[in-house]
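Listed here are the chains, written in short residue letters.
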Amino acid sequence: MEIVDLVPEVLKNNVMITTIDGLFKWARSNSLWPLTSGLSCCAIEMMCAAAARFDLARFGYEVFRPSPRQADLFIVAGTLTWKMAPPLKRLYEQMPEPKYVIAMGSCANAGGPFADAYSVVPGIDKIIPVDVFIPGCPPRPEALIYGMLQLKEKIRHPEIVQRTAK
Ligand code: SF4
């Protein structure tokens, strides 16, 4: 028997029943607060996603934070150099749990056009764990929005991700 079967018929259109875990996942996935790391050109597209034309606020994700302590999503947009890697890792470690990471653009994913350069990290997953990779050089704002919606699904249904990862 499902828990919903215990609700009297007269209340079914007025009462919502869920688990605390489900409520937390719903709340987290609908109100991600991003900490941005605009390292180079991809950052312009990230800024456009929050501006009027693409209006990231429609999804509840517009509260960009300047402090890692107030953020639960780290968007890394651009080319990461080895010199910049320790501060980036420190910012990630200063974020409270649960926290998520989006790698935006080819440079963040795998070094992009600078992958062979001695100074460039060939993918931020060498430094911090990444939840969603967004391809492109640069990805358009729609791609970032799509990536955030994919992250939303991942937060709501972690069991699907664990299953496909096996
Ligand atoms: S992926 Fe392309 S647009 Fe983005 S930071 Fe690298 S070179 Fe610039």
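Rules used in this analysis
Residues numbered from 1 in each chain as written. Predicted model: local features only at pLDDT ≥ 70, side-chain atom pairs only at ≥ 80, totals over all residues. Heavy atoms only, no water. UniProt positions renumbered as here; feature names shortened; annotations may be inferred. Core = buried A, V, L, I, M, F, W, Y, C linked by side-chain atoms within 4.5 Å. Buried < 20%, exposed > 50% of the residue type's maximum accessible area, 1.4 Å probe, protein only. Helix = DSSP H or I, 4+ residues; strand = E, 2+ residues; numbered from the N terminus. Contact = heavy atoms within 4.5 Å.

Labelled according to an unreviewed UniProt entry, the chain appears under the name NADH-quinone oxidoreductase subunit B, originating from Pectinatus cerevisiiphilus. The Subcellular location (unreviewed entry) field of the UniProt record for the chain holds the comment "Cell membrane". As stated in UniProt under Catalytic activity (unreviewed entry), the record for the chain gives "a quinone + NADH + 5 H(+)(in) = a quinol + NAD(+) + 4 H(+)(out)".

The subject of this paragraph is the nonpolar core. By size, the foremost hydrophobic cluster in this structure holds 21 residues, and its most contacted members are Leu73, Ile102, Leu144, Met148 and Leu151. When residues of this core are traced back to their parent elements, those giving at least two are α2 (42-50), β2 (73-77), β3 (100-104), β4 (132-134) and α5 (141-156). No other element matches α5, which puts five residues into this core. Setting aside residues no more than four positions away along its own chain, Ile102 makes contact with Leu73, Phe74, Ile75, Val76, Val132, Ile134, Leu144, Gly147, Met148 and Leu151. Counting 17 residues, the second largest nonpolar core, distinct from the first, contains Ala71, Tyr92, Ala108 and Ile127.

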